[in-house]
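So the chains spell out like this:
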Amino acid sequence: MRSFSQAERSVINALNAHISRNEEVSLTELAGECHVAKSTVVKTLQRMGFRGYQEFSYSFRLSRDVQRGSLLPRDVVVGSGTTAARELASVFLWCAGRKSIAFSDGKCLAAPLAQYLARKLALFDILAPASYDYAMVDAARAEPGAAFFFIHRRDAGVGHGYSGVGEGMLAAVRDRGYRTVIFTDTDDASVTSYADVLIRIADNAEPDIDLYATKVLMVIERALSEYARLREEVRDGDGLS
Amino acid sequence: MAMGSRDIDAAVYEAVRAAARRGHRATVSEVASQVGAARSSVYRVSQKLGYKSWIEFTSSLVRYHAGEQGGDPVATSVKAVADALLRNRHLPILVDAVGDAEVCSMYLLLRLGECDFFPMPFTKHIAQARGGTAGSGVVIVINESGMSLLRTCLAAREQGFEVVSITSSHDTPVSKMSSINVVIKNNKSHIDSYEPNHFAAGALAFLERVLYRMGREAPFA
């Protein structure tokens, strides 16, 4: 399949410039702007998979504003969402200047969730790399912060117990003085008993639609918002003292 | 007897509204032919009514009547994406995402693999190796801004992939390069006064609904 020609690329670039400025542009205007025939514009769009200019203009007919209200679950955690967010935010505050870990073991959901948390915390200058390495929890050079675990009921029975836990990792981080935060939708005491902070994710309203990961992200986002507020309060307090 | 200007305006509006109720965006030519007026007169009605263009006029009415009929935009989008994936069930599904949405990419690679699809991360070289003909498969692009992954869309189109995107607005380059674009609201804020941004969470919830729908229509192995 051949690449786009110079003329086709100029049409695409001009289209993108208009789109990024939220401008609608007619076929005639676009052809004039790019110094090409209208047929060149149409052929370019056809090469991109559209039947013509009109179909291109309407290509967002399926793009509807998917309202958060109807897409995101209402019940995110068991108990108060505000309390869970504040509790997690206070852990983030504890983590500032310490070394934390987002535990990414397991081939299921723990890895993407740990990476999400690690990336977001890094935006707030909190070091909590996503890792499954035991050497990570050796806090010889830095004060131990928190260890975050993502334990999904769906993964029960994968490998040793729950995927995402890791053999002995829960015990290891506790022994080394980390605060253990567990995001889980299970009540299994073999998991929950390790938690200093237990974020108990609510069960799915529709059993066949698994929103565990969605809910974890929602808790994290809300806690980050709380943390930003807390951090400002602490800074203001420092400034006053 | 020739119609007056107000008669034409009313007839044009009525014709566009009738089409919109059927979910159809009427073209200037269709309406001109239907009401027996010049195309330029028909087009001017959209401006008289305060719209920037004919497209904006007809699109607004179609959206309005879609809501009136109780159409569920989530269900419509879920069906569109599920259908696209099922059409390409035995072809490569390449996934690309950036920023917060990276979590969706990793998640989708895991979940689609479990559901008997052939998901792979998108790279230009994988697209070249797996594409090259029309109907090469699907590229799913999840990009909050709808700007950063434009190159992915262009490369995907060049290699004959259908592009399905999730963005926070339909007025973005990525959206316009997609055959299906799903819009999920975001909430950008400054880090010092951070507000929850549920774009990635919304995208995950949406994708789970797509997986559920596909499983219902064509049960996974």
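J.: Could you clarify how one ought to interpret the overall build of chain A in this entry?
T.: Scanning chain A from N- to C-terminus turns up ten helices and six strands. The buried share of chain A, reckoned over its 241 residues, is 50%. Here the contacts in chain A between residues at least 6 apart in sequence split such that 69% fall between residues at least 24 apart. Carbon and sulfur atoms provide 49% of the accessible area of chain A, an area that totals close to 11,300 Å².

J.: What's the story with the packing of helix α6 (residues 102-114) of chain B against helix α10 (residues 199-217) of chain B in this structure? I'm lost.
T.: Helix-helix packing is characterised by the crossing angle of the two axes and by the distance between the axes. Residue and element names in this part refer to chain B. It is at 10 Å that the axes of α6 and α10 come closest, and there the two elements cross at 15 degrees. Overall, the two elements α6 and α10 adopt an arrangement that is roughly parallel. The way α6 lies across α10 gives a crossing that is right-handed. Across the interface between the two elements, Val 103, Cys 104, Tyr 107, Leu 108, Arg 111 and Leu 112 of α6 pack against Ala 200, Ala 203, Leu 204, Leu 207, Glu 208, Leu 211 and Met 214 of α10. Class assignment for the residues of the contact of α6 with α10 results in eleven nonpolar, no polar and two charged.

J.: Would you mind going over the side chain of Thr 214 of chain A with me for this structure?
T.: Within the secondary structure, Thr 214 of chain A is located in helix α10 (residues 212-240). By relative accessible area, which is 1% here, Thr 214 of chain A ends up buried. For Thr 214 of chain A, the contacting residues outside a window of four places in its chain are Leu 72 and Pro 73 of chain A together with Ala 201, Leu 204 and Ala 205 of chain B.

J.: Please clarify how the pattern of salt bridges should be interpreted in this entry.
T.: Residue and element names in this part refer to chain A. For the coordinates displayed, the defined rule picks out 22 salt bridges over all chains. Among the salt bridges present, the one from Asp 203 reaches Arg 200, with a minimum N-O distance of 3.8 Å. Accessibility expressed as a relative area gives 12% for Arg 200, which makes it buried. In this structure, the salt-bridge partner of Arg 229 is Glu 233, at a minimum N-O distance of 2.7 Å. Of the two residues, Arg 229 and Glu 233 are both situated in helix α10; the distance of four residues between them amounts to about one turn of the helix. Its relative accessible area of 42% is what places Glu 233 among the partly exposed residues.

J.: Can you help me understand the packing of helix α7 (residues 110-123) of chain A against α6 of chain B in this one?
T.: At a closest axis distance of 9 Å, the pairing of α7 of chain A and α6 of chain B adopts a crossing angle of 175 degrees. Our classification of the angle between α7 of chain A and α6 of chain B gives roughly antiparallel. Of the residues in α6 of chain B, those touching α7 of chain A at Ala 111, Pro 112, Leu 113, Gln 115, Tyr 116 and Arg 119 of chain A are Glu 102, Val 103, Met 106, Tyr 107 and Leu 110 of chain B. Considering only residue class, the contact of α7 of chain A with α6 of chain B consists of eight nonpolar, one polar and two charged.

The rules behind the values
- Residues numbered from 1 in each chain as written.
- Chains lettered and ligands numbered in written order.
- Predicted model: local features only at pLDDT ≥ 70, side-chain atom pairs only at ≥ 80, totals over all residues.
- Heavy atoms only, no water.
- Helix = DSSP H or I, 4+ residues; strand = E, 2+ residues; numbered from the N terminus.
- Buried < 20%, exposed > 50% of the residue type's maximum accessible area, 1.4 Å probe, protein only.
- Contact = heavy atoms within 4.5 Å.
- Areas by Shrake-Rupley, 256 points an atom, 1.4 Å probe, with all protein chains shown as cover.
- Axes fitted to C-alpha atoms, helices over the stretch in contact; angles between N-to-C directions.
- Parallel < 35°, antiparallel > 145°, perpendicular 65-115°, else oblique.
- Left-handed = near helix turned anticlockwise from the far one by under 90°.
- Nonpolar A, V, L, I, M, F, W, Y, C, P; charged D, E, K, R; others polar.
- Salt bridge = Lys/Arg side-chain N within 4 Å of Asp/Glu carboxyl O.

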